[in-house]
Amino acid sequence: MSARILLVEDNPDLAEGVEYNLRLEGYDVRIAENGRIAIEAAQSWHPDLVLLDLMLPEIDGYQVLRSIRQNGSSVPVIILSARGEEADKVRGFRLDADQYVTKPFSIVELLERVAALLRRASKNDTPALTEVTFGDVVVDLASRTVVRKGSPCALTPKGYELLLALLKRDGAVAGRNELLKEVWGYGAFIMTRTVDSHIAELRRKLEENPAEPRHIVTVWKIGYRLAR
């Protein structure tokens, strides 16, 4: 079955051009010309990837992305925007966008980014186990849920993916740049501090004493590892 791509863009000429090229690649494409339609389509159509403009009528792209994530979806999202300021990019990544592409963009590069994110989303690179434990934390890989001391832990999509990246290394060290590429995608406009802030959030939710973590351990000048 063809991958479903939701294209959220209010410029009809740009939307038509991007849709044409996506369909040439064999994707099933649906266009949403405003934020309200985008939120409805994300909930009812369940796309495999979202291409999201920020400057939209009625509801802007940031609110659309926030709605998608608050509904628990980890669908890959590529922001397409004429806003090229660092503050806009940081805001997008804090809302768990996967990549940020500034207009005007190369359609060839966009198609490569789409293909790479879809491959990463469909690849089953988690451990063969259905359940992993460390300390008083239980990670159910089948349902993508995390429980600590019998209570559910609400992780962001990126937080969960970061936890999985550490788990699958089975105690081996993961460098910050390595985690950036694996969890956020190669070429994403983000800094290693992004990894650090997400690690701090994981510790806050999963460690008995976040200030002195026993499981999510810092390896000085390199990165992190997960000690069971």
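Now for a quick tour of the structure. (Residues numbered from 1 in each chain as written. Predicted model: local features only at pLDDT ≥ 70, side-chain atom pairs only at ≥ 80, totals over all residues. Heavy atoms only, no water.)

1. Side note on the pairing of strand 3 (residues 49-53)
So the rule is basically this: When accessible area is computed with a 1.4 Å probe and restricted to protein chains, residues below 20% of their type maximum are described as buried, those above 50% as exposed, and intermediate ones as partly exposed. A run of DSSP states H or I qualifies as a helix once it reaches four residues; a run of E qualifies as a strand once it reaches two. Both are numbered from the N-terminal end. By the convention used here, strands pair only if DSSP detects at least 2 bridges between them. Seen with the strands pointing away from the viewer, any crossover whose path from the first strand over the helix to the second strand runs clockwise is right-handed.
Strand 3 sits mainly inside the fold: five of its five residues count as buried. Taking every second residue as pointing to the same face, both faces of strand 3 are buried, with Leu49, Leu51 and Asp53 on one and Val50 and Leu52 on the other. Here four bridges tie strand 1 (residues 4-8) to strand 3, and the two strands are oriented parallel to one another. Within strand 3, the residue paired with Ile5 across the bridge is Leu49. Pairing analysis gives four bridges linking strand 3 to strand 4 (residues 77-81), with the strands arranged parallel. Paired with Leu52 across the bridge in strand 4 is Ile79. Crossover handedness for the path strand 3 to helix 3 (residues 61-70) to strand 4: right-handed.

2. Some thoughts on the packing of aromatic side chains
Given two aromatic rings, their pairing is described by the distance between the two centres and the angle made by the two planes. What counts is decided by this rule: Any two of the Phe, Tyr and Trp rings considered here, Trp counted by its six-membered ring, make a pair once their centres fall within 6.5 Å; the pair's planes then place it as stacked at under 30 degrees, edge-to-face at over 60, or tilted in between. We count a charge as sitting over a ring when the NZ of a lysine or the CZ of an arginine lies within 6 Å of the ring centre and within 35 degrees of the ring normal.
Tallied over the entire structure, the rule returns zero aromatic pairs. It is Arg4 that lies over the ring of Trp45; its NZ or CZ is 5.9 Å from the centre. Between the NZ or CZ atom of Arg91 and the centre of the ring of Tyr62, over which it lies, the distance is 3.8 Å.

3. Examining helix 6 (residues 157-167)
When you tally the buried positions in helix 6, you get ten out of eleven residues, the bulk of the element. Looking only at helix 6, the buried set comprises Pro157, Lys158, Gly159, Tyr160, Leu162, Leu163, Leu164, Ala165, Leu166 and Leu167.

4. Overview of the pairing of strand 4
Burial analysis of strand 4 places five of its five residues in the buried class, which makes it a mostly covered element. Residues of strand 4 alternate between two faces, with Val77, Ile79 and Ser81 on one and Ile78 and Leu80 on the opposite face, all of them buried. The pairing of strand 4 with strand 5 (residues 99-102) spans four bridges and is classified as parallel. Across the sheet, residue Leu80 finds its bridge partner in strand 5, namely Val101. Between strand 4 and its parallel partner strand 5, the chain crosses via helix 4 (residues 86-94), and the hand of that crossover is right-handed.

5. Topic: the packing of helix 6 against helix 7 (residues 176-184)
Stated precisely, the cut-off is as follows: Axes, fitted as lines to C-alpha atoms, cover a helix only where it is in contact. Angles between the N-to-C directions of the axes lie from 0 to 180 degrees. By definition in this entry, angles of less than 35 degrees are roughly parallel, angles greater than 145 are roughly antiparallel, angles of 65 to 115 are roughly perpendicular, and the rest are oblique. Each crossing is labelled by how the near helix is turned from the far one, with a counterclockwise turn of less than a right angle marking it left-handed and a clockwise turn marking it right-handed. The criterion used for residue contact is that any of the two residues' heavy atoms lie within 4.5 Å. Under this grouping Gly is polar, as are all residues other than the nonpolar Ala, Val, Leu, Ile, Met, Phe, Trp, Tyr, Cys and Pro and the charged Asp, Glu, Lys and Arg.
Between helix 6 and helix 7, the least distance of the axes is 10 Å, while the angle of their chain directions is 125°. With respect to each other, helix 6 and helix 7 are oriented oblique. The chirality of how helix 6 crosses helix 7 is right-handed. For the pair helix 6 and helix 7, contact is made by Lys158, Glu161, Leu162, Ala165 and Leu166 and by Leu179, Glu182, Val183 and Trp184, respectively. Classifying every residue of the contact of helix 6 with helix 7 by side-chain character gives six nonpolar, no polar and three charged.

6. Focus on the pattern of salt bridges
So the rule is basically this: We define a salt bridge as a contact between a side-chain nitrogen of Lys or Arg and a carboxyl oxygen of Asp or Glu at a distance within 4 Å.
Using the criterion set out here, one finds 22 salt bridges in the structure. For Lys103, the salt bridge is made with Asp53, and the minimal N-O distance between the two is 3.3 Å. Pair noted here: Lys103 is in the loop between strand 5 and helix 5 (107-122) and Asp53 is in strand 3, with a separation of 50 residues, a long-range link. Note that Asp98 is salt-bridged to Arg120, the shortest N-O span being 3.8 Å. Separated by 22 residues along the polypeptide, Asp98 in the loop between helix 4 and strand 5 and Arg120 in helix 5 bring together distant segments of the chain. Three or more residues joined by partner-sharing salt bridges are found here, namely Arg69, Asp98, Arg120 and Lys158.

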